Amino acid sequence: MCTDDTIFLHTCPSQAERRLHALDESFADKGIPRRADKDENIQDSITALGCHVANSPIRVEPALDKLINYCAGTIDLVLRRRGSPVAVNALLGVAQWFALMARGMFAVFDEIYEFVRREPQDTPQLIPDSVAHELLVFMLLAPLLVADLTRQFFPALAACDAAPEYGFGVSVCTITDEEAQTLGTYAEKRGDYVRFQRTGDDDEEPQKPRQGVPRELRIRQCHFHDVFSLKARTVEHSGVMEARGCCFCFGGGCGTHRGTDIGCCC
């Protein structure tokens, strides 16, 4: 059995030591060999997964060498004005990885997605101005690619849905800081998903079976209140419509409520 690098982030050294000890015991119990010579334990900073993680201040940002490679690749493509879809997609992949630290940066990319889907994938072709501009804008905004690891979770749970034939809407439920932090530890990659607390009523809609690990919340569906529900004005991808709905809600798009005021029902 092989595993990739395992990385834990802690603000308390004693807690970090306990976690590492528990990990070593778990590996030994399951007979998983590890490269002890590669261990870097209780460090003030570390470079991993293409990012630089530091304790002073506690933050994560792109590793300098990876960022330089992205900038060099972008400048080269812009000057040549030719590149294959697969080469541009490789550059886009690096940018998307870094954008996970500042999710708003995903908004930079739009037309590049059409370009990287073109066939044949490995044949260089003229790069449109719009694609070059998106790559350049991301490069110029690179100083914003920093994530503060001490930032607090937002004490609210939002549910959104959208469909081109109907429209989009957002419902919100207020939760505690502790509940928000717990929800933030769940990982979709290992199959975690949440379930509402059951009421036990006879007319309650049955839960549909799905794969993964269910996480039951103390929240019931009745605890959510609708912020808005709007008909679709244009036909767009459901993901785009959901994103517009969230921006409309938390960005104060209704014209009445601003910022993070969610105690409303427009």
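Refer to the structure presented above.
Keep in mind that what you see is a predicted model, and the values were worked out from it rather than measured. (Residues numbered from 1 in each chain as written. Predicted model: local features only at pLDDT ≥ 70, side-chain atom pairs only at ≥ 80, totals over all residues. Heavy atoms only, no water.)

## Digging into helix H2 (residues 64–80)
For H2, built from 17 residues, the straight-helix expectation of 24 Å at 1.5 Å per residue is met to within 8% by its first-to-last C-alpha distance of 24 Å. For H2, the complete set of buried residues consists of Leu-67, Tyr-70, Thr-74, Leu-77 and Val-78. For H2, the angular spread of buried residues about the axis comes to 100°, placing them on one side. Facing away from the buried side of H2 by over 90 degrees, the exposed positions are Leu-64, Asn-69, Leu-79 and Arg-80. Considering only its buried residues, H2 is in contact with strand S3 (58–62), strand S4 (82–83), helix H3 (85–99) and helix H5 (129–140). Directly after H2, the chain includes Arg-81, whose backbone phi takes a positive value near 60°. (Helix = DSSP H or I, 4+ residues; strand = E, 2+ residues; numbered from the N terminus. Expected span 1.5 Å × (residues − 1). Buried < 20%, exposed > 50% of the residue type's maximum accessible area, 1.4 Å probe, protein only. Arc of directions from axis to C-beta. Contact = heavy atoms within 4.5 Å.)

## Side note on the packing of H3 against H5
Running from N to C, H3 and H5 cross one another at 35°; their axes reach a closest spacing of 11 Å. Where H3 crosses over H5, the handedness of that crossing is left-handed. Residues Val-88, Leu-91, Ala-95, Phe-98 and Ala-99 of H3 pack against Val-131, Leu-135 and Phe-138 of H5. Among the residues forming the contact of H3 with H5, the class breakdown is eight nonpolar, no polar and no charged. (Axes fitted to C-alpha atoms, helices over the stretch in contact; angles between N-to-C directions. Left-handed = near helix turned anticlockwise from the far one by under 90°. Nonpolar A, V, L, I, M, F, W, Y, C, P; charged D, E, K, R; others polar.)

## With respect to the packing of aromatic side chains
Applying the stated criterion across every chain yields a total of three aromatic pairs. Centroid distance Phe-196 to Phe-224: 5.4 Å. Interplanar angle 50°. Geometry classified as tilted. Note that Phe-196 is positioned in the loop between strand S9 (192–195) and strand S10 (213–216) and Phe-224 in the loop between S10 and strand S11 (225–231), a separation of 28 residues in sequence. Members of the aromatic cluster, joined through ring pairs, are Tyr-70, Phe-109 and Phe-138. (Phe/Tyr/Trp six-rings, centres within 6.5 Å; stacked < 30°, edge-to-face > 60°.)

## Points about the environment of Leu-49
Within the element layout of this structure, Leu-49 appears in the loop between strand S1 (45–48) and strand S2 (51–55). Note: C-alpha distance between Leu-49 and Ala-63 (14 residues apart in sequence) is 8.8 Å. Residues within four places of Leu-49 in sequence aside, it is in contact with Ile-7 and Trp-97.

## Examining helix H1 (residues 13–30)
An α-helical turn contains 3.6 residues, so a residue and the one three or four places further along point in the same direction. Look at H1: 26 Å from first C-alpha to last across 18 residues, which is about the 26 Å you get at 1.5 Å a residue. Of the positions making up H1, those classed as buried are Ala-16, Leu-23 and Phe-27. Viewed along the axis of H1, the buried residues span an arc of 35°, placing them on a single side of the element. Across from the buried face of H1, at angles greater than 90 degrees, the exposed residues are Glu-17, Arg-18, Ala-28 and Asp-29.

## Some details on the nonpolar core
Here is a general trend for soluble globular proteins: nonpolar side chains tend to be buried in one another's company. Counting residues in each nonpolar core, the largest one holds 30 residues, and the members touching the most others are Tyr-70, Val-88, Phe-109, Ile-112, Leu-135 and Phe-138. For this core, the secondary structure elements donating two or more residues are S2, H2, H3, helix H4 (112–116) and H5. With six residues, H3 is the single largest residue contributor to this core. Leave out the neighbours within four places in its chain, and Leu-135 touches Tyr-70, Thr-74, Leu-77, Leu-91, Phe-109 and Ile-112. Formed by eight residues, the second largest nonpolar core is a distinct cluster that contains Leu-157, Cys-173, Leu-183 and Phe-224. (Core = buried A, V, L, I, M, F, W, Y, C linked by side-chain atoms within 4.5 Å.)

## Quick look at the pairing of strand S8 (residues 167–174)
Of all the eight residues making up S8, seven are buried; the element is thus mostly covered by neighbouring parts of the structure. Here strand S7 (residues 156–163) pairs with S8 via eight bridges, running antiparallel. Bridge pairing links Ala-156 to Thr-174 in S8. Between S7 and S8, which follow one another and run antiparallel, lie three residues. (Pairing = 2+ DSSP bridges.)

## What about the packing of H2 against H5?
Direction vectors running N to C along H2 and H5 enclose 150°, while the axes themselves pass 10 Å from each other. Considered as vectors, H2 and H5 are oriented roughly antiparallel to each other. Relative to H5, the crossing made by H2 is left-handed. Across from Tyr-70, Cys-71, Thr-74, Ile-75, Leu-77 and Val-78 in H2, the residues of H5 making contact are Ala-132, Leu-135, Leu-136, Phe-138 and Met-139. Across the contact of H2 with H5, the residue classes tally to ten nonpolar, one polar and no charged. (Parallel < 35°, antiparallel > 145°, perpendicular 65-115°, else oblique.)

## A short note on unusual backbone geometry
Geometrically, the link from Glu-119 to Pro-120 is a cis peptide bond, its omega value of -5° lying close to zero. Within the fold, Pro-120 resides in the loop between H4 and strand S5 (125–126). With a phi close to 50°, Ile-42 is a non-glycine residue in the positive phi region. As for its position among the elements, Ile-42 is in the loop between H1 and S1. What makes Ile-42 partly exposed here is its relative accessible area of 41%.

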